[in-house]
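Residue-level listing of the chains:
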Protein chains: 2
Amino acid sequence: MARHVAGPEIERLIQFLGKLPGLGPRSARRAALHLIKKKETLLGPLTRAMAGAYDTVGVCTVCGNVDTIEPCTLCRDTSRDGSVLVVVEDVGDLWALERAAALDARYHVLGGVLSPLDGIGPSDLAIASLLERCRAGTVREVVLAVNATVEGQTTAHYITDQLAHLAEAEGVAITVTRLAHGVPVGGELDYLDDGTLAQAMRARTRI
Amino acid sequence: MARHVAGPEIERLIQFLGKLPGLGPRSARRAALHLIKKKETLLGPLTRAMAGAYDTVGVCTVCGNVDTIEPCTLCRDTSRDGSVLVVVEDVGDLWALERAAALDARYHVLGGVLSPLDGIGPSDLAIASLLERCRAGTVREVVLAVNATVEGQTTAHYITDQLAHLAEAEGVAITVTRLAHGVPVGGELDYLDDGTLAQAMRARTRI
């Protein structure tokens, strides 16, 4: 800011709000002002919610989900099919699949993707713990629900190789699957990229 | 959310983050996840900044700015020209003018605009306190820096009338001005509305 408009408490609030994804410097100021105006109905409750999250939230040591209990709600849920393990890059992907109620299975969060350029190798991801869970014997299928990016696909290939090795060396037979490619529901063909269209055509189904 | 993915602390965090301007349900989830991942570097500091703001920030009884001291930093600043009063709708507008270092004057925040449809009349805005400040004798000019909307202009007209009445009844002579209309700096003529272009042409200046 060109000049000091308000006290350091407000400046600090704007500064930290600006670090949230989706909020730039301008919208951080708007958000700060909104919070200050709604002191009792928003600033107070949000502060308490954040303090609550700070005190209670942790990463599940089994699957990598974030939750307030350990193991997490999903790992404790006995109604889920423990023979299917859905592997995701990030907790956000897990949440997205859960919102879609895509499958009543268990999850494994990798915590990223292989990216040699960024110095991220297999030991930086939760791949060893994934193989450990597969070795335990309950898992029959691993769904590689990684993003359809180059890094995501590289990671999927690496995990497929590791699981094949596990099958050879230790006789752990696991089916590896991936999400289907195709036209998004509600999507318009005209706006889709060629790769998706070609995949959707190749995988066409009888109606 | 279709299913309960995580503990109530996280759901509550997402719910309140979604009430910030600029964050919808999807970006609120992303923001919550970002906060949880950056627990020590962002969630903690932001929580403390918000608690600090909650404890210290208030509305200045003189001008309506928000600040941690009373009267506010701007009202205390003796280097400012006390003979010019810049009237704005909202604290956000005050901040914008200060960032632009538009004028070293004093401010008066109305807290909104006249809007009969929404039931907002003169008594709902800080108009009486504005006239009181003008009556005190130091003010020579009132700049009506309200938005160029119908409500903003209606409010400007109302205040101009009130100040004219003050001049007649009590001999308080105050010049009332408004911000110039014209082409925004860096703006392209092709994208401007007709009203702005017409105003800019009418108010053309010699170079």
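Given the structure is predicted, the values throughout are model-derived calculations rather than measurements.

### Here we look at the UniProt feature "zinc finger region: C4-type" (unreviewed entry) in chain A
Then, number 1: Feature annotation in UniProt assigns "zinc finger region: C4-type" (unreviewed entry) to the following positions: residues 60–75 of chain A.
Then, number 2: As annotated, residues 60–75 of chain A has a helix share of 19% and a strand share of 12%, and its two end C-alpha atoms lie 9 Å apart.

### Observations concerning the UniProt feature "domain: Toprim" (unreviewed entry) in chain A
Then, number 1: Following the UniProt record, one finds the feature "domain: Toprim" (unreviewed entry) at residues 83–184 of chain A.
Then, number 2: Helix and strand shares over residues 83–184 of chain A are 38% and 19% respectively, and the end C-alpha atoms of the span are 28 Å apart.

### Considerations on unusual backbone geometry
For residues besides glycine, phi is generally negative; the peptide bonds are generally trans as well.
Then, number 1: Residues Glu70 of chain A and Pro71 of chain A are joined by a peptide bond in cis, for which omega reads -5 degrees.
Then, number 2: Structurally, Pro71 of chain A is set in the loop between strand S2 (66–67) and helix H4 (73–76).
Then, number 3: If you check the backbone angles, Ala101 of chain B has positive phi at about 50 degrees while not being a glycine.
Then, number 4: As for its placement among the helices and strands, Ala101 of chain B is situated in the loop between helix H5 (91–99) and strand S4 (105–109).
Then, number 5: Classification of Ala101 of chain B as partly exposed rests on a relative accessible area of 41%.

### Focus: the relation of the copies chain A and chain B
Then, number 1: At an RMSD of 0.1 Å, chain A and chain B line up after a rotation of 180 degrees and a shift of 0.0 Å along the axis. In symmetry terms, the pair is related by a two-fold rotation axis. When C-alpha positions in chain A are compared against the rotation axis, the closest is assigned to Thr47 of chain A, at 2.9 Å.
Then, number 2: Of all interface residues in chain A, 100% are interface residues in chain B too; the two copies therefore contact each other through one and the same surface.

### Focus on the domain arrangement of chain A
Then, number 1: Per the domain assignment, the segments of chain A are domain 1 (8–56) and domain 2 (66–178).
Then, number 2: With centres defined by C-alpha atoms, the gap from domain 1 of chain A to domain 2 of chain A works out at 34 Å.

### Observations concerning the pattern of salt bridges
Residue and element names in this part refer to chain A.
Then, number 1: The final tally for this structure, using the stated rule, is 10 salt bridges over all chains.
Then, number 2: Note that Arg80 is salt-bridged to Glu98, the shortest N-O span being 2.8 Å. Of the two residues, Arg80 is situated in the loop between H4 and strand S3 (81–88) and Glu98 in helix H5 (residues 91–99); the sequence distance between them amounts to 18 residues. Accessibility classification places Arg80 together with Glu98 in one group, the buried group.
Then, number 3: For the salt bridge of Arg135 with Glu132, the shortest nitrogen-to-oxygen distance reads 3.1 Å.

### Things to note about the side chain of Thr155 of chain B
Residues and elements named next belong to chain B.
Then, number 1: Within the fold, Thr155 resides in helix H7 (residues 150–170).
Then, number 2: Within polar-contact distance, the side chain of Thr155 engages the backbone oxygen of Glu151 at 2.6 Å.
Then, number 3: With near-sequence residues (within four places) excluded, Thr155 lies in contact with Leu110, Val113, Leu114 and Leu125.

### A closer look at the nonpolar core
Then, number 1: Counting residues in hydrophobic clusters, the biggest one holds 76 residues, and the most contacted among them are Leu17, Leu20 and Leu46 of chain A together with Leu17, Leu20 and Leu46 of chain B.
Then, number 2: Beyond its immediate sequence surroundings of up to four residues, Leu46 of chain B is in contact with Leu13, Phe16, Leu17, Leu20 and Met50 of chain A together with Leu35 of chain B.

### Focus on the sheet that holds strand S5 (residues 141–144) of chain B
All names here are of chain B.
Then, number 1: Spatial ordering of the open sheet is given by S4-S3-S5-S6, a layout of four strands whose pairing is parallel. The open sheet is flanked by S4 and strand S6 (175–178), the only strands paired with a single partner. Direction aside, the axes of adjacent strands within the sheet are offset by 25 degrees on average.
Then, number 2: The sheet contact formed by strand S3 (residues 81–88) and S4 spans five bridges and is parallel. Bridge pairing in S4 places Asp81 opposite Ala105.
Then, number 3: Of the strands in this sheet, S3, S4 and S5 touch helix H6 (residues 127–135), which is tilted by about 150 degrees from S4.

### Some remarks on the pairing of S3 of chain A
Residue and element names in this part refer to chain A.
Then, number 1: With six of eight residues buried, S3 is to be regarded as a mostly interior element.
Then, number 2: Read as a crossover between parallel neighbours, the route from S3 over H5 to strand S4 (residues 105–109) is right-handed.
Then, number 3: Here four bridges tie S3 to strand S5 (residues 141–144), and the two strands are oriented parallel to one another. Its bridge partner being in S5, Val86 is matched across the sheet by Val143.

### Focus: the interface of chain A and chain B
Then, number 1: Across the boundary between the two partners, chain A contributes 61 residues, which contact 61 residues of chain B.
Then, number 2: Across the chain A to chain B interface the summed buried area is about 5,600 Å²; carbon plus sulfur atoms make up 70%.
Then, number 3: Applying the counting rule to chain A against chain B returns two salt bridges.
Then, number 4: One salt bridge connects Asp90 of chain B with Lys37 of chain A, and the closest N-O pair in it is separated by 2.7 Å.
Then, number 5: Applying the counting criterion to the chain A and chain B interface returns 10 residue pairs in polar contact (both at pLDDT 80 or more).

Calculation criteria
Residues numbered from 1 in each chain as written. Chains lettered and ligands numbered in written order. Predicted model: local features only at pLDDT ≥ 70, side-chain atom pairs only at ≥ 80, totals over all residues. Heavy atoms only, no water. UniProt positions renumbered as here; feature names shortened; annotations may be inferred. Helix = DSSP H or I, 4+ residues; strand = E, 2+ residues; numbered from the N terminus. Buried < 20%, exposed > 50% of the residue type's maximum accessible area, 1.4 Å probe, protein only. Least-squares fit on C-alpha atoms with pLDDT ≥ 70 in both. Contact = heavy atoms within 4.5 Å. Domains from an automatic or database assignment. Salt bridge = Lys/Arg side-chain N within 4 Å of Asp/Glu carboxyl O. Polar contact = N/O pair within 3.5 Å; in protein donor to acceptor, adjacent residues only side chain to side chain. Core = buried A, V, L, I, M, F, W, Y, C linked by side-chain atoms within 4.5 Å. Pairing = 2+ DSSP bridges. Axes fitted to C-alpha atoms, helices over the stretch in contact; angles between N-to-C directions. Right-handed = clockwise from strand over helix to strand, strands pointing away. Buried area = accessible area lost by both parts, 1.4 Å probe.

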